[in-house]
Structure formats: structure tokens, C-alpha cells
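These are the residues of each chain, in order.
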Amino acid sequence: MDKANPVARLARGALAFALAASLAPTTASADETSPRSGIADGFIASSEQAVARYATTGNPDDLRDVRAYQGNGIMLLNADLPEKLDLRDRDVVTPVKLQNPWGTCWSFAAIAASETSIMSELGITTDDGAVDLSELHTAWFSYMPLPEGSGSQAGEGIRTTSTDPAAVLDQGGDLFTTTSVFSSGVGPVAESLVPYRNKCGCTEKKDGIPVYYSSEGDWSVDEDLRFVQEIELEESSILPSPAGRSDSGSYTYNESGTQAIKRELQEGRAVSILFAADQSQPGQGSQGRYINPNTWAQYTYDESASATHAVSIVGWDNSYSKYLFEPDLTTAEGELDPQFFVDGDVSGELNEDGKAIAEDSNRIPASDGAWIVKNSWGSKDVEFPHRNPNGWGVDGGGYFYLSYYDKSVVLPESFDYYTENYGESAEYYLINQYDFMPSPGVTAQLSDDPVSMANVFEASEHQMVRSLSCETAQPGTEVDYEVYLLNDGYASPKDGKLLAKASETYEYGGYHRIQLKEPLPIEQGQHFSVVVTQQCDGLYCIPVDRALNKTGVDKLNEELGLNYSRYAVGVVNKGESFTFEDGEWADWFDVVASIKAAAAETEPGDIFDYDNFAIKAYADPMGEPPIHEAVVVPDLGGMTEAEALAALEQAGLKGEAGEPEHSDAVEAGRVIRQGTPAGTEVDKGFIVTYHLSLGKEQSGEQGGAAGGGGAGGTAGGKPMPAMGDTAAPIAGALAVALASAVVAVAGFRMSGRRSGRPRC
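Residues numbered from 1 in each chain as written. Predicted model: local features only at pLDDT ≥ 70, side-chain atom pairs only at ≥ 80, totals over all residues. Heavy atoms only, no water.

Undergrad: Hey, could you run me through the overall build of the chain in this one?
TA: Across its full length, the chain carries 10 helices and 36 strands. Relative to its 760 residues, the chain shows a buried fraction of 61%. Carbon together with sulfur atoms contributes 47% to the accessible area of the chain, which is approximately 28,500 Å² in total. (Helix = DSSP H or I, 4+ residues; strand = E, 2+ residues; numbered from the N terminus. Buried < 20%, exposed > 50% of the residue type's maximum accessible area, 1.4 Å probe, protein only. Areas by Shrake-Rupley, 256 points an atom, 1.4 Å probe, with all protein chains shown as cover.)

Undergrad: Where do I start with the sheet that holds strand β32 (residues 671-674) in this structure?
TA: By definition, the strands of a sheet pair up through backbone hydrogen bonds, in either a parallel or an antiparallel sense. Spatial strand order, β31-β34-β32: 3 strands in an open sheet with mixed pairing. This sheet does not close on itself; its edge strands, each paired only once, are β31 (654-657) and β32. Looking at each pair of strands side by side, their axes are set apart by 35° on average, direction ignored. Alignment of β31 against strand β34 (residues 687-692), held across 4 bridges, turns out to be parallel. From the neighbouring strand, K654 faces β34, where its bridge partner is I687. (Pairing = 2+ DSSP bridges. Axes fitted to C-alpha atoms, helices over the stretch in contact; angles between N-to-C directions.)

Undergrad: In this structure, what is going on with the nonpolar core? I would like to understand it.
TA: The tendency in soluble globular proteins is for nonpolar side chains to be buried as a group. Ranked by size, the top nonpolar core spans 114 residues in total, and within it L169, L265, I273, F275, I313, W371 and L402 carry the most contacts. With 10 residues, helix α3 (residues 105-122) is the largest single contributor of residues to this core. When near neighbours in sequence (up to four residues on either side) are disregarded, L402 contacts I273, F275, Q298, F325, A370, W371, V373 and V409. With 50 residues, the next largest nonpolar core counts Y481, I542, W588 and V592 among its residues. (Core = buried A, V, L, I, M, F, W, Y, C linked by side-chain atoms within 4.5 Å. Contact = heavy atoms within 4.5 Å.)

Undergrad: So what exactly am I meant to see when it comes to the side chain of S150 here?
TA: Within the element layout of this structure, S150 appears in the loop between α4 (135-142) and β3 (157-160). We classify S150 as buried; its relative accessible area is 5%. Here the side chain of S150 touches P147 through a polar contact of 2.4 Å, landing on its backbone oxygen. (Polar contact = N/O pair within 3.5 Å; in protein donor to acceptor, adjacent residues only side chain to side chain.)

Undergrad: I'm lost on the packing of α3 against α4 in this one. Help?
TA: Helix packing for two helices is described by the angle between their axes and how far apart those axes are. Two elements in contact, α3 and α4, have axes separated by 9 Å at closest approach and are oriented at 130°. It follows from the interaxial angle that α3 and α4 lie oblique. Both α3 and α4 take part in a crossing whose hand is right-handed. Together, W106, S107, F108, I111 and E115 of α3 and E135, T138, A139 and S142 of α4 make up the contact between the two elements. Considered class by class, the residues forming the contact of α3 with α4 number 4 nonpolar, 3 polar and 2 charged. (Parallel < 35°, antiparallel > 145°, perpendicular 65-115°, else oblique. Left-handed = near helix turned anticlockwise from the far one by under 90°. Nonpolar A, V, L, I, M, F, W, Y, C, P; charged D, E, K, R; others polar.)

Undergrad: What's the story with the pattern of salt bridges in this structure? I'm lost.
TA: Side chains carrying opposite charge are able to pair once their charged atoms draw close together. Evaluation of the coordinates by the stated rule reveals 24 salt bridges. A salt bridge links D218 to K199, with the shortest nitrogen-to-oxygen separation between them at 3.9 Å. With D218 in the loop between β5 (209-213) and β6 (233-238) and K199 in the loop between α5 (175-183) and β4 (203-206), this pair connects stretches of sequence that are 19 residues apart. A residue is classified by how much of its surface remains accessible, and K199, at 52% relative accessible area, is exposed. Salt bridges sharing partners connect three or more residues here, namely K97, E115, D132 and E135. (Salt bridge = Lys/Arg side-chain N within 4 Å of Asp/Glu carboxyl O.)

Undergrad: What exactly am I supposed to notice about a negative patch on the surface here?
TA: A cluster of like negative charges, contributed by D89, D91, D127 and D128, occupies part of the molecular surface. Relative to the helices and strands, D128 is located in the loop between α3 and α4. (Patch = residues over 30% accessible without salt bridge, like charges linked within 9 Å, V, L, I, M, F, W, Y side chains within 5 Å. Lys, Arg positive; Asp, Glu negative; His and termini not counted. Charge placed at Lys NZ, Arg CZ, Asp CG, Glu CD.)

Undergrad: It is not clear to me how unusual backbone geometry should be interpreted in this structure. Could you clarify?
TA: Peptide bonds are mostly trans, and most non-glycine residues show a negative phi. Cis geometry is found at the peptide bond from N100 to P101, where omega equals 10°. Mapped onto the elements of the fold, P101 is located in the loop between β2 (84-86) and α3. Note that the residue after G187, namely P188, is joined by a cis bond; omega there is 0°. As for its placement among the helices and strands, P188 is situated in the loop between α5 and β4. Even without being a glycine, W296 presents a positive backbone phi close to 55°. Within the element layout of this structure, W296 appears in the loop between β10 (291-292) and β11 (297-298). According to the relative accessible area criterion, W296 is partly exposed, its value standing at 23%.

Undergrad: Teacher, can you tell me more about the packing of α3 against α5 here?
TA: Remark: α3 packs on α5, axes separated minimally by 8 Å, with the N-to-C direction vectors making an angle of 65°. When the axes of α3 and α5 are compared, the crossing they make is right-handed. For the pair formed by α3 and α5, the contact residues are W106, A109, A110, I111 and S114 on the first element and L175, T177, T178 and F182 on the second. Here the residues of the contact of α3 with α5 are counted per class, giving 6 nonpolar, 3 polar and no charged.

Undergrad: How should the packing of aromatic side chains be read in this particular structure?
TA: Within a pair of aromatic rings, the relevant descriptors are the distance that separates the centres and the angle that separates the planes. This structure, assessed with the given rule, holds 23 aromatic pairs. A ring pair is formed by W392 and F400, whose centres lie 5.6 Å apart and whose planes are at 85°; its orientation type is edge-to-face. The pair formed by W392 and F400 is uniform in burial state, with each residue classed as buried. In this structure, R88 packs its charged tip against the face of Y399, placed 4.2 Å from the ring centre. When the ring centre of Y429 is taken as origin, the NZ or CZ atom of R466, which lies over that ring, is 4.9 Å away. (Phe/Tyr/Trp six-rings, centres within 6.5 Å; stacked < 30°, edge-to-face > 60°. Lys NZ or Arg CZ within 6 Å of the ring centre and 35° of its normal.)

Undergrad: Teacher, can you tell me more about the state of the cysteines here?
TA: Structurally, a disulfide amounts to a covalent bond that connects the sulfur atoms of two cysteines. The tally for this structure, following the rule as stated, stands at 1 disulfide. Here C200 pairs with C202 through a disulfide, and the sulfurs are 2.1 Å apart. Of the residues examined, C202 reaches a relative accessible area of 28% and is grouped as partly exposed. Not part of a disulfide, C536 finds its nearest cysteine sulfur in C541, a span of 7.5 Å. When its relative accessible area of 3% is taken as the criterion, C541 is described as buried. (Disulfide = S-S within 2.5 Å.)

Undergrad: Honestly, α4 in this entry has me stumped. Any pointers?
TA: Structurally, the α-helix is built with 3.6 residues per turn, so residues lying three or four positions apart point the same way. In terms of burial, α4 is a largely internal element, 8 of the 8 residues being buried. E135, L136, H137, T138, A139, W140, F141 and S142 are the residues of α4 that are buried. For α4, the elements touching its buried residues are α3, β3 and α5. The opening residue of α4, the one whose side-chain oxygen lies 3.4 Å from the backbone nitrogen of L136, is S134.

Undergrad: Looking at this model, I keep getting lost on the environment of S503. Mind explaining?
TA: By the element assignment, S503 lies in strand β21 (residues 496-506). The class of S503 is partly exposed, set by a relative accessible area of 43%. For S503, the side chain forms a polar contact with the side chain of D480, separated by 2.6 Å.

Undergrad: What am I meant to see in the pairing of strand β22 (residues 509-522) here?
TA: In terms of burial, β22 is largely enclosed, as 13 of its 14 residues are buried. Bridge analysis of β6 against β22 gives 4 bridges, and the strand direction is antiparallel. Looking at the pairing, I238 lines up with G509 of β22. As defined by bridge partners, strand β19 (residues 463-472) adjoins β22 across 9 bridges and the pair is classed as antiparallel. The residue of β22 that forms the bridge with S469 is R513.

Undergrad: Quick question: what am I supposed to make of the confidence of the model for the chain here?
TA: Caution is warranted with low-pLDDT regions, since their predicted coordinates should not be read in detail. Summing up the model confidence of the chain, the mean pLDDT is 83 and the portion of residues at 70 or higher is 81%. Below pLDDT 50 for its whole length, residues 1-36 participates in 141 contacts with residues either more than four positions away or in separate chains. (pLDDT = per-residue confidence, 0-100.)

Here you go:
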């Protein structure tokens, strides 16, 4: 590992959170667009369309634009997929847990998927000690807005109309919310740090035996634990759902969704989903409308059913009979009833009696095949507080089958983490970011003409920016990143020196992080920008996090007879985020103001809040720079290694060779590019990384990293180490430094429903 690289030297053991809000300048662009831009008009129209769809269907998915994630992605051949796969056979599935007494299934589903993903990547099994992450930490801070005193984004987040502090745990939730939280440095943390229990130890009992912790007592989580993180999220993928939707909104089976989930499972990543369950929490009455209680096989045949529960898929079985979903064709023991099959052969055809049942039934899917699904309603095979004395699921073990053709599945999501240094402690790191409104999903505007988005940050301390992130909505999106060191009094997010460019194409929508080829030094007080341009299918895209605000929740509750109690508060300030359209930059603050002003003049009014763009810059602290003579980095392009080292020495600098690269233009042995651009002022003694040419790439050779000229790093190379020891148990909590314009404190240990049926 390159010892001169500060990123490589630091293990990912702790987090410093940079609240760059209130640090950004109020300078907007010199040539702002009119408030009512095409981007603004697009979001206004999409808001009206979303409300109209929801008023018709009552389906919350229509408010959060989950259809933006539909599509084929970059589909590959799947001939190598086996007929059956069960990640439990690999011993990478953690024990079933019990979510009682709260409606936190969404947190349990995301954590279960994360635990399996981490164990698979580490190459450890449950015999080595299962990864055990905290569902309570995730659920609590997902619905706790930033407190007062935390910079200009204070108050941003999800709130509840309830006066009960613990009500935040009973609001239900969406899986993508956890991605918003994890990517912001809020968890996941170890279960041992924030266990799923109240502080008093009060329990609910059955026959005098404790079954689970009671809802009574204090379930709150210390605010100092908000920005604590066991492991850094690298990517979350929102996969196409097998339950596709046509342009008119009707159900259509999407084979690419089935294949996408299978491919993630084959890679060792469990997949969390939302679907319409007969009940959204254990203990509620269930009529068995969709699940066969004989076989624990679920098939939601009603395409208008809203998702009410979140679970984690851990396997599949192509041969699982479609008839096992029909109670009248199965025995109480969970087997196909031979009396309804020709000659009693359950692998054959239905006889006349069986056909009569099938013709009358709407509970038989189109074909065979089922997912193997892990629930969060406890198991008879585990101990308190996750033991369900009655058992639930197949053999009481907490699992069930879900048809490939279930018509309610939405937002399949998988998680991938940096695991190389997992379990080790280290110094904190920084996240430059503004988006703290946990998102239920994004809404996206498409354009034939070039559009871009940008965030501008002021460095709260000396730092080395090592990676960037954004979110996408469309499968197969190509993303171009640019980092600029901005001039004093800059007029736009590109008014400065281009430090780095990087590009990547993402197969699915979701959250994505890209490592820069070389870290970028940014000094305290300097302003820098991250500009992101997204394209998909020949169109440019601007994805935005949007959610119902208090006005929207009150209006929908009143007009549609709903019982929503959580709502969003978005905080967007001047000088933080910008959009580029028609050749000009506009401050996102002004664009949002125009969107909300236009919405206020319509029915139902201003019902959505918007967030800043989910563009982040991750950095390591650089420490106080030594007071040295400032020197200018020479241009090393085309020099031999000896000439480059001599030129650097003459300038009072040092040199270090990076990875060599192929080049059609630069002959072998000469410098093809340098990490620090020529003309940059640095301290005397600074180390400049240079890359030598390998000459032209020979036919059949593996290509090297893309050259960036003098513009700095490009994407590629070894992923940034996160936290990983291949056999280590989860380490302790991370230390966090909270930095804003007012405070700079280091060492904190923070590091829609219908008919009364709640969404879990």
C-alpha cells in the first residue's frame, strides 16, 4: 500500500462530520437564470402529477416516484444462475430478530441486508461471530432532525406530529431512508453500542416469561451518538422491481427485476424490499388474504395493494410450485394435497377437482418460483429478546416464501460497504455535505439539453478530499464529476481551477461513491465545488430528494382520510447548491423558492419540501500545514523520470512515482501526468506524484487507468479502505468531530396508509 498516500495510511475507524452549511458563501452566480427555469417548471409539473396519482390510487409509492428506478439497467446474461440459492447455506445470514414493540421493520430489513453483505465481503461466517448492527440507532436518527446549534442546516430532517418522544419508532419507514442516513455518516453502529431495548429494562411477558422489551420506558438514543459509524457505505443499489408498472400504472411482470435481485444474491448481498403484507407488525390480526398459512407462501395478487412491510430476501427457488400459494391445494402440513393432482402425482397436472379450485382462485401466480425471505417477527429458534414463543414462518423459524410474481414489491435495495479495515480504530474523517432530510426516494427531471448540479463547500479544516458521491434515479446512468478550487469572489461553481475529473456509469439507481485517483489537498477556509452531470438514454438528469411537508401531511390526512404523522423539513440556504441550465448557473435556493411559490398558487398547495443535492465530498484531515516557503509545481509532462526528479528538486519539491499507465501519445519511460497540476502553489518539500508511460497498449493487455493530463485524479484504483479485519468482531464506536462556522469540537463520541393499516 502506498505509504505516501494519507488515505492509505488511515483506517476507517472514526468520523468527523463537517457541517459545511453556514460555511458556504452567499455569492451566487454572476448571471443567474430567472427564478422560473425549465428545471423549476419540471418539478412543479411532477409534483402536481404525483398528487393526482396518489389521489387516485392511495399508493404512497406514487408520491415518492419509485417508478424512476424502474428499467433494465445494464442487463447481463444470467445463464449461470442456479435453480436455487440460499445464502443461509453459506452461513452469512444473521439470526432472525424481533422488531416488537415498534413498527421498525424497514430498519430491520436494511440492517439484515447490510449484515449479510458485510459478512460476505469479509469472507466470514456466523461461526466466526455474526456481524450484529443496531436497528435502534438507524430508526431513531432517521426521524430525529438535526438539533439546534448544528449549523445552518439545524432543524432539517423528519419530524412527527406526535408528542410522544418514542413515537419516532412507530412511524413506519422506507428503505431508501437508511441510505440517506448511512451516507451522511449516521451509522450503522454495533448493536452492543445501541441495543434494541428501553433503558429501564421493562419487558412484556407471556406466562410470566419476558418475551420482548416493552414500549414503556425511555428508548431514546443519545444525540452524541448520531455521527458514529462502524463502517462506511460504498454504494446502495435500487434495483428494478419484478413488479413493474406500465405507463398507465398497471402491473406488468418485469423479468429484469427478478434477474437483478438474483445477481445481487449470487454476489452475497441480501436484498431488502417493501411489499403488501397481511399485517405490518407481529401480533396484529391477519385474515391470510395473501399468505398461505399452511406453507407460509405469500402472493399479493391485488396490484393496487400498497406496500406495508419491509423484509430481506436471502435466496430463491425456481422450482417452488405456484400451487403452494393456494391454501385449498395444500395440506395443513404445508405440502401439496395429492388428491387434487392426476394420479396423486404432485409434480404433475391438476385433476378436474384441482382445476376447479384453480379456476376459482386468484391466489395462484402466473408461474413457479419464489424468493426465500427473512422476516423480523422473531423465531422460536433464538433467545430473548428476539424469541417468538409461538414461532412464525416456515417451521417457526422466521422465514417465508414470496412469489416472483407478487404485485406489490417495490424498492428492492442492496448495500455494499468498504470492509478492508473493518473493526479497526483510526482518526476521524470529514464529510462535506448539506442533505440531511432522509429521503424516501428521489424525483428526477430529464432534459434534452445539458444540465448539471453542484454543491459548493468551504473547508472547515485542512483536508485531503479522497472520494465523491451522488445519487442517481435511472438505471444505466453515466455520471461525470468535476472538482474545482474556487477563486476568491467566485461567480459560479466552475469559477476556479479544475482539480480533478472522474466518470462512472452506474447500473442501477441509488447512492454511489467514487474514489479519486489521488486525494486533493484543500486548506481550511478555501472554497471548492463538486459539479455533477448525469446522463441516461441520451437525456440529462437532475435527481432531487423531495418529501411531504407539514402542510402536505395535514391536507392528505384531511382530504383522503389518512393518518400520516411524519413530515419532512428541508433546509436549503443560499450559496450551497446550484443548477446549470441554458448555459447559466442558478442558485438552487432561488429555484426551490420559485417551485414552492408556484405550488402555493395551486391546489393542493405547497405540500413538498426539497433538499440540497445529495453531492458529498469525503476527506481525511490534513493537519496544520507546516510554515514553508511557497513554491510552484513545475510541468513534468513528457520528461524522463530522472528529468522529472531533477526539476522537482530544483523547485524545492520531492517526487514519488505512481502507477505507470499505457499511452498512445507519450513514449514509454516519460511522464504521462502528475497528481498535482503544474502551476499549483504548494509548500516547499511537498511530494508530487508522477505517472510514467508504459507506451502503447499491446493487443490483449489489460488497459491501465485513464490519463487526466494535468487536471488531477481520475476514477479507478483500489477502493478506499473502510473498516475491516477479516475475522474481527465489530469494534467500538467511532469518535466524531462536529465542525461548523461557529463550533469546531473534536472527540465527540458520536462519530400512506388506508383502512387504518400502518406501513411498517
